[in-house]
Structure formats: C-alpha cells, structure tokens
Amino acid sequence: MNLAQTPNNENSHNPFLTLNYEPALESLGDDYYDEVSAADFPQHILRWRNDALLPLLGLNPQAVTDADFSNAFGKFQGRKPLLALRYHGYQFGTYNPNLGDGRGFLYGQIRATDGQLYDFGTKGSGKTPYSRGGDGMLTLKGGVREVLAAEALHQLGVRTSRCLTMIETGLSLWRGDEPSPTRSSVMVRVNSSHIRFGTFERLHYLQRPDLSKKLLDHVIQYYYPHLIEEKNQYVLFYAELVKRVAELTAQWMAAGFCHAVLNTDNMSITGESFDYGPYAFIPTYDPYFTAAYFDYYRRYCYSHQPSICQLNLEMLQEPLKAIIDKAEMESALTKFNQYYQAEYRSLMLKKLGFEELQLPEANELLNLTIQFLQDSQVGYHQFFYEMAVNFANTWRDDPEMVMKGSDLISTSGELKIFENWCVLYHKILNYLDSEYMDVIAQTLAKNNPQTALLRPLIESVWEPIAQEDNWQPFDDLVKKITSHS
Ligand SMILES: Nc1ncnc2c1ncn2[C@@H]1O[C@H](COP(=O)(O)OP(=O)(O)OP(=O)(O)O)[C@@H](O)[C@H]1O
Ligand SMILES: [Mg+2]
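Residues numbered from 1 in each chain as written. Chains lettered and ligands numbered in written order. Predicted model: local features only at pLDDT ≥ 70, side-chain atom pairs only at ≥ 80, totals over all residues. Heavy atoms only, no water.

1. So, the coordination of the magnesium ion (ligand 2)
Quick reminder of the rule: Note: metal donors comprise N, O and S atoms at 2.8 Å or less from the metal (3.2 Å for Na, K and Ca); water molecules are not included, so apparent gaps in a site are possible. Here's how the labels work: a residue is buried when its accessible area is under 20% of the maximum for its type, exposed when over 50%, partly exposed in between, all with a 1.4 Å probe on protein chains only.
Within the protein, Asn266 (OD1) and Asp275 (OD) serve as the donor atoms for the magnesium ion (ligand 2), at 2.1 Å. Summarising the burial analysis for this pair, Asn266 and Asp275 share the class buried.

Following this line, the structure appears as structure tokens:
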C-alpha cells in the first residue's frame, strides 16, 4: 500500500476528483440512466489498489494516498452525477426486462493516456431503482474473486476490464452461495464501456429506434471512431463487433477460462470481457466443465462459449435491425467462426512455443494437443507450464527427450497419444533452424505462467482473510499473477 501522506478528509486535493471527467454518456440524456446516490457504509477499509493502472489514468501512484482511494470510492465524496445505467438482457435464454445497474453505477468517464475513453463503474455501491429484491451489495469474497480474475486474464492477454480498487464496507450480508453472514465490499472497475448488448435490447423492447440510433452513433463515435467517415459505418460496426467478440472468446478458451454467465447483459458493446462472478479456470480440459452451480443445463459450459457468444451476436441483430440491414448483419456474422479459429489457433500455437508455424503439421499438433489434454486429464495449465520449464535443445535430438524431466511423464508416459504428441513435436522442431530454439523457449515462457488461478488457490487465499483477516496470501498471489511477463 502507498503511504504518501494527506489528511484523511481532505478532498480538494484528491487526485481522483481532479481528473478530467468527460460526460460522454451523461450527454445522451436521461433516457439511458437514472441519477442515484451511493450507500453510506459503516466502514471504508482499503483492501486493494491497482497502482499499475494509475499511470494509464494519468496519475502518479506515489501521489495517490490510500485515503484518496477510500474517500473517492468508499465514501464517494465529491462526485456527481452517479448514473445507474438502464439495460435489459437475455438471462439463460429468457428475456428479462427488469435489469439495469442494480448494485452499481457509472462513477465517471475519463480520457486515459492511451487516448481511449474509460468508464469507472462500481459494484456493490448500494441500491438503485434496478435492485429489485437485492441489497445492492457485493460480498467481500465476490470482490476478491473479481480482482483476481481480471488481473489474471489481463496477464494472459485477454481483453478485459480491470479493477481499480476494492474497499471493505463493514456490512453483514446474507447469500445462498456463501457461508453467511458474510462481509461486504465495493469494487470499482475500469472498463472500456458499460454499454451492453442489453442496453440496445431494452430500447428495442421499448420500441424506441430513435434512442437506439442515438446510442449507436455514440458507440461509434467513442469506441469505433475510425468508422465515422465510412458511409456504411453501421454495418461495419457490427462486423467489427463480431470480430472483437470472436477473438475475445478465443482468448478465454486458450486461457482455459470459463466465464460462467454469458447473458446478454454481460456482453460489452466494445467486445471486452467483464463481470467475474462464478467464473472458473478449467483444472483439466473438459469441454463440459461448467462454472456456475445454477447453470443446470450447462448452457455456459467451457466449450459452449464460442457458440453462445455467436448466438448473443445473432440476437443483437433484432434490436439493431431498425438501423442496420439484417441481411448484411447475417452475412457479417458468418465470419465469426473464421475469426474465432484464427485467433484460437494463433494463441494455442503460442502456448506451444510458436509465434507462428506455417507447416501443415501445425493443425495436427493443435488437434493432438487438445486430444491428449482431454484423454489424459492432466492439468491444462500445468501441461503448458511444464513445457515451458522443461524445454531444452535436446528435444530436437530424440522424441524420447521431449518433456523429459516433467512430472507429466509419470502420469502420461503410458498413453499412446502422449507418445504420438512427443513424436510430432520433435518432428516439427526438426523442420526449424536450430537458432529458433531460443525463440521457442522464450515464447513458451511468455505464454505459460506458473500460477493458474484455479479455485483451490483462490480458496486458499480467501481462507486466511475469512479466518483471521490475513491479507498477505492475497497480496502475494496478486503479485505473483501480475509479475509474470
Ligand atoms: N445484490 C444485488 N442487489 C441488487 N441487484 C443485484 C444484486 N446482484 C445482482 N444484481 C443485479 O442483477 C443483474 C444481474 O447481475 P450480474 O451479477 O450479472 O451483474 P452484476 O455482477 O451485478 O454487475 P456487472 O454486470 O456490472 O458486473 C444486474 O442487473 C445486477 O445489477
Ligand atoms: Mg452482470
């Protein structure tokens, strides 16, 4: 934690309040949101601050105190308006017109040092008109899990929102899926945008094509600005969204990540990943691995993610068809699979050590790798990490040297498919110049971190927090995840 000194209740110098906020969404008018206020919490204990994000926001971490964080994002001092965004969504296939920011709001939008507009969005900041029966809160464990997921995915190269801060708020919450009472938190996230597929679905439901068009113009202006001059900018927007979502889905799959709740209110219009509730990283390659205990029909299981995202894009055609020609959108969507396959192939080859591989054997290697991972049920992340740590030039000499030294040999050595995989990997290495071996070693190391954010690991850092308020293992884990380069 940063210990630079400023008085606790001094707001005039809070760097978060002097940022240059752009009222981009606010300027659309109140058809899209409700002004709300934050809950008054009994406590504001800073548990996490993402100093790595501050330079992007134009802030020097040394100049931002812990009190600045908790005053801005726990007490919500000095910032208005706070906007609960309105949206609907298909949840597990059923349309829900009673959604919207029920436990969060848009705190503000700023132009970052990379020139992009970013949203600060809260989660667990109190009730809004969209809370329905909910308490408007986020559990501390929910905050911990979202911080970890976002950082891990970011490090794995997934296009994701990130958490800026997480503050414990001192309430006792009751939840069916956590031992209760359980502690509360508020989390603030930096997103490329909080506009969701469901934001358009709501406007369609309300039969307001005028509002949809205004919103789409806004989306293009801020998030697809290179399309503004194009005369067919609307369909080009949809085609690019298809590409972004297809690539995002491939990034999840290669990272071994199961998002768990791919409802259309959790699909960003910028193609960015966000909302990490019951997610899980897969322990082993199991296509039907399902992360949410309430996903009874495995709708959002690991291997369904590409087809579900494609379906969500197809459903988005309905609200957009008032503005964009449906046949043109259908044609754009046919490219989904091609984009997905290209990105998945490229990412998996990187995990296997190849920045690129223009050999007919490349696809064979990919297929054999997946088949091996599935048949053997060795750890998905462990397999690639073991490749990275055991890789040696001797792998070129003899197929029997491939993976030599790895613990996996003892569990997989008997499998014919493992032998075939080693033979093929050895063969591919021999197609390449020997100078290329160093590049492979580096590519393996870069794309396969040691620490996989599997559930038992998350539980192991949560336990000390729950039992004795010991945050050291959590802090250590975040450091481990984020230090991989
Ligand atoms: N404890 C709660 N109190 C009030 N509303 C809630 C609560 N939990 C979830 N909701 C609402 O239920 C809907 C679905 O929740 P979901 O968990 O997907 O979103 P979220 O996690 O709250 O927010 P986000 O999608 O921004 O991460 C949203 O409208 C959300 O605001
Ligand atoms: Mg959500």
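Resuming the write-up.
2. Quick notes on the site of ligand 1
Put simply, the rule reads: Working definition: residue near molecule or strand if any one of its non-hydrogen atoms lies within 4 Å of it. Here a polar contact means two N or O atoms within 3.5 Å. Within protein one must be a hydrogen donor candidate and the other an acceptor candidate, and residues neighboring in sequence count only if both atoms are side-chain atoms. Here the Shrake-Rupley method, with its probe set to 1.4 Å, supplies the accessible areas, and only the displayed protein chains count as covering residues. Lys, Arg, Asp and Glu make up the charged group, whereas Ala, Val, Leu, Ile, Met, Phe, Trp, Tyr, Cys and Pro make up the nonpolar group; the residues left over, Gly among them, are polar.
Lining the immediate environment of ligand 1, one finds 21 residues, of which Gly100, Gly102, Arg103, Lys123 and Arg189 sit closest. Within the contact set of ligand 1, an oxygen atom lies 2.7 Å away from a backbone nitrogen or oxygen of Gly102. Lys123 is positioned with one of its side-chain polar atoms (N or O) 2.8 Å from an oxygen atom of ligand 1. In the complex, the protein chains occlude 85% of the 580 Å² of accessible area that ligand 1 would expose alone. Along the lines of polarity and charge, the residues of the shell around ligand 1 split into four nonpolar, seven polar and ten charged.

3. Description of the UniProt feature "active site" (unreviewed entry) in the protein
What counts is decided by this rule: UniProt positions are given in the numbering used here, feature names are shortened, and annotations may be inferred rather than shown by experiment. Numbered from the N terminus, helices here are DSSP runs of H or I no shorter than four residues, and strands are runs of E no shorter than two. A contact between two residues is defined here by any heavy atoms of the two lying within 4.5 Å.
If you check UniProt for "active site" (unreviewed entry), the listed places come out as Asp265 in our numbering. In this fold, Asp265 is placed in the loop between β11 (257-258) and β12 (280-281). Residue contacts for Asp265: discarding those within four places in its chain leaves Tyr87, His88, Gly89, Tyr90, Gln91, Leu99, Arg196 and Phe274.

4. A closer look at the nonpolar core
General note: in soluble globular proteins, nonpolar side chains tend to be found buried as a group. For clarity, the cut-off: Definition used in this section: a nonpolar core is a set of buried Ala, Val, Leu, Ile, Met, Phe, Trp, Tyr and Cys residues joined via side-chain atoms within 4.5 Å.
Among the nonpolar cores identified, the biggest contains 127 residues, and Leu148, Phe237, Tyr238, Phe354, Trp421 and Tyr425 are the most heavily contacted of them. For this core, the leading source of residues is helix α5 (residues 233-255), giving 14 residues.

5. Side note on the pattern of salt bridges
Where charged atoms from two side chains of opposite charge approach closely, those side chains can pair. To be explicit about the condition: Salt bridge, as used here: a side-chain nitrogen of Lys or Arg that lies within 4 Å of a carboxyl oxygen of Asp or Glu.
Scanning all chains against the criterion turns up 23 salt bridges. The partner of Arg111 in a salt bridge is Glu22, with the nearest N and O atoms 2.9 Å apart. Here the residue Arg111 occupies a position in strand β6 (residues 106-111), and Glu22 occupies one in the segment before β1 (33-36), the gap between them amounting to 89 residues. Overall, Glu22 belongs to the partly exposed group, its relative accessible area being 25%. The residue Glu318 makes a salt bridge to Lys321 at a minimum N-O spacing of 2.7 Å. Given a relative accessible area of 33%, Glu318 falls into the partly exposed group. According to the relative accessible area criterion, Lys321 is partly exposed, its value standing at 41%. The structure contains a network of salt bridges with shared partners spanning Arg47, Glu168, Arg183 and Asp469.

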